[in-house]
Amino acid sequence: MREIVLDTETTGFEPETGDRIVEIGAVELYNHVPTGKTYHQYINPERSMPQEAFEVHGLGDDFLRDKPLFAQIVDEFLEFIGDSKLVIHNATFDVKFLNAELGWSKRPLLPKDCAVDTLAIARRKFPGSPASLDALCRRFGIDNTSRTLHGALLDSEILADVYLELIGGKQPDLVLSPVRQGGGSEGGDDNWRPQRRPEPLAPRITDEEKAAHAAFVEKLGEAALWSRG
């Protein structure tokens, strides 16, 4: 199962009033394990950066001026996410912006059920408790000391750890892929069964250890467990 943990940074809160995406970061998970594959892109929003947004992520006009437009990176982005389920903290916000950008680029929109919302999971699991990314890091003991400003890729990497804790830990399914005798793994092979070793393992106990054990059992008397046939 492939999932993409994703985060965006924007110029504000509403694409309908002209706000745009300025950064996308994404991390690939396969069977709930990070693969090391990531996607990261800064984007020229074709507008000035409001001071309030700059104070959140630190991405200013001078830095973004020579970055590509969303329309120039959209195909590469769509290729990376494919049809995988997205994992997003406050998914409504990010999907709203992604679909606005996709619409302006004349690309198909993301479906309504494209994302798992970790904010909703956290609120269901810990009702009444803070559910921000920083609060969840504190709850799960996840190191986020490098998060002095919001950054899409860093936040995605942190969110991947938070997501795995929310769904039950590093290996939530507790399923190991069986290895067939001919080599290779078949995660969905229900016919696999453990086989007897072709040759038993050689005993590792020494003669001295056998003698010491026999002497110990003899001292216990006839009622000792080892004396029962």
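Quantities reported herein were computed from a predicted structural model and do not represent experimental measurements.

### Here we look at the overall build of the protein chain
Counting secondary structure elements, the protein chain contains eight helices and five strands. When the 229 residues of the protein chain are sorted by exposure, 39% land in the buried category. Sequence separation of at least 24 residues holds for 62% of the intrachain contacts in the protein chain that already meet a minimum separation of 6. Surface exposure of the protein chain reaches about 14,500 Å², of which carbon and sulfur atoms provide 52%.

### Digging into unusual backbone geometry
Of note, Glu-46 is a non-glycine position whose phi angle comes to about 60°, a positive value. Positionally, Glu-46 belongs in the loop between strand S3 (33-42) and helix H1 (51-57). Positive phi is not limited to glycine here, since Asn-90 has a value of about 65°. Tracing the backbone shows Asn-90 in the loop between strand S4 (85-88) and helix H4 (91-104).

### Observations regarding the pattern of salt bridges
Tallying each qualifying case throughout the model produces eight salt bridges. With its nearest N and O atoms 2.8 Å apart, the salt bridge here joins Arg-65 to Asp-62. Residues Lys-67 and Asp-66 are paired through a salt bridge, measuring 2.9 Å at the closest nitrogen-oxygen approach. What you see here is one network of salt bridges that share partners, running through Arg-20, Glu-46 and Glu-101.

### Some points on the environment of Gln-51
Structurally, Gln-51 is set in helix H1. A relative accessible area of 47% places Gln-51 in the partly exposed class. Between the alpha carbons of Gln-51 and Gly-12 there is a distance of 9.9 Å; along the sequence they are 39 residues apart.

### Let's talk about the pairing of S3
Each regular strand shows side chains that alternate between the opposite faces of the sheet. Pairing of strand S2 (residues 21-30) with S3 involves seven bridges; the strand directions are antiparallel. Within S3, the residue paired with Tyr-30 across the bridge is Val-33. Here S2 hands over to S3 after two residues, with Asn-31 in that stretch at a positive phi of 55°.

### Structural notes on the confidence of the model for the protein chain
In the predicted model, the protein chain carries a mean pLDDT of 87, and 82% of its residues have values of at least 70. Note on residues 174-190: pLDDT is under 50 here. Beyond four places in sequence and across chains, it has 16 contacts.

### A word on the nonpolar core
Counting residues in each nonpolar core, the largest one holds 23 residues, and the members touching the most others are Leu-6, Ile-24, Phe-77 and Ile-81. What Leu-6 contacts, discounting residues up to four positions off in sequence, is Ile-24, Gly-25, Ala-26, Phe-77, Ile-81, Val-87, Ile-88, Leu-98, Ser-156 and Leu-159.

### Some words on helix H8 (residues 207-220)
Between its first and last C-alpha, H8 extends 20 Å over 14 residues, near the 20 Å set by a 1.5 Å rise per residue. Positive backbone phi, at 90°, marks Gly-221, one or two positions downstream of H8.

### Some words on the packing of aromatic side chains
Applying the stated rule across the entire model yields six aromatic pairs. Look at Tyr-39 and Phe-77: their rings are 5.7 Å apart centre to centre, the planes differ by 55°, and that puts the pair in the tilted class. Of this pair, Tyr-39 sits in strand S3 while Phe-77 sits in helix H3 (residues 70-81); the two residues are 38 residues apart in sequence, bridging distant segments of the chain. Using a relative accessible area of 5% as the deciding quantity, one classes Tyr-39 as buried. A relative accessible area of 0% means that Phe-77 is categorised as buried. With a centroid separation of 4.9 Å and 90° between ring planes, the pair formed by Tyr-42 and Phe-63 is classed as edge-to-face. Of this pair, Tyr-42 sits in strand S3 while Phe-63 sits in helix H2 (residues 61-64); the two residues are 21 residues apart in sequence, bridging distant segments of the chain. Assessed through its relative accessible area of 36%, Phe-63 is described here as partly exposed. Taken together, the ring pairs connect Phe-13, Phe-93 and Phe-97 into an aromatic cluster. The aromatic ring of Phe-63 is capped on one face by Lys-67, whose charged end is 4.0 Å from the ring centroid. Positioned above the aromatic ring of Phe-126 is the side chain of Arg-139, whose terminal nitrogen or guanidinium carbon lies 3.7 Å from the ring centre.

About the thresholds
Residues numbered from 1 in each chain as written. Predicted model: local features only at pLDDT ≥ 70, side-chain atom pairs only at ≥ 80, totals over all residues. Heavy atoms only, no water. Helix = DSSP H or I, 4+ residues; strand = E, 2+ residues; numbered from the N terminus. Buried < 20%, exposed > 50% of the residue type's maximum accessible area, 1.4 Å probe, protein only. Contact = heavy atoms within 4.5 Å. Areas by Shrake-Rupley, 256 points an atom, 1.4 Å probe, with all protein chains shown as cover. Salt bridge = Lys/Arg side-chain N within 4 Å of Asp/Glu carboxyl O. Pairing = 2+ DSSP bridges. pLDDT = per-residue confidence, 0-100. Core = buried A, V, L, I, M, F, W, Y, C linked by side-chain atoms within 4.5 Å. Expected span 1.5 Å × (residues − 1). Phe/Tyr/Trp six-rings, centres within 6.5 Å; stacked < 30°, edge-to-face > 60°. Lys NZ or Arg CZ within 6 Å of the ring centre and 35° of its normal.

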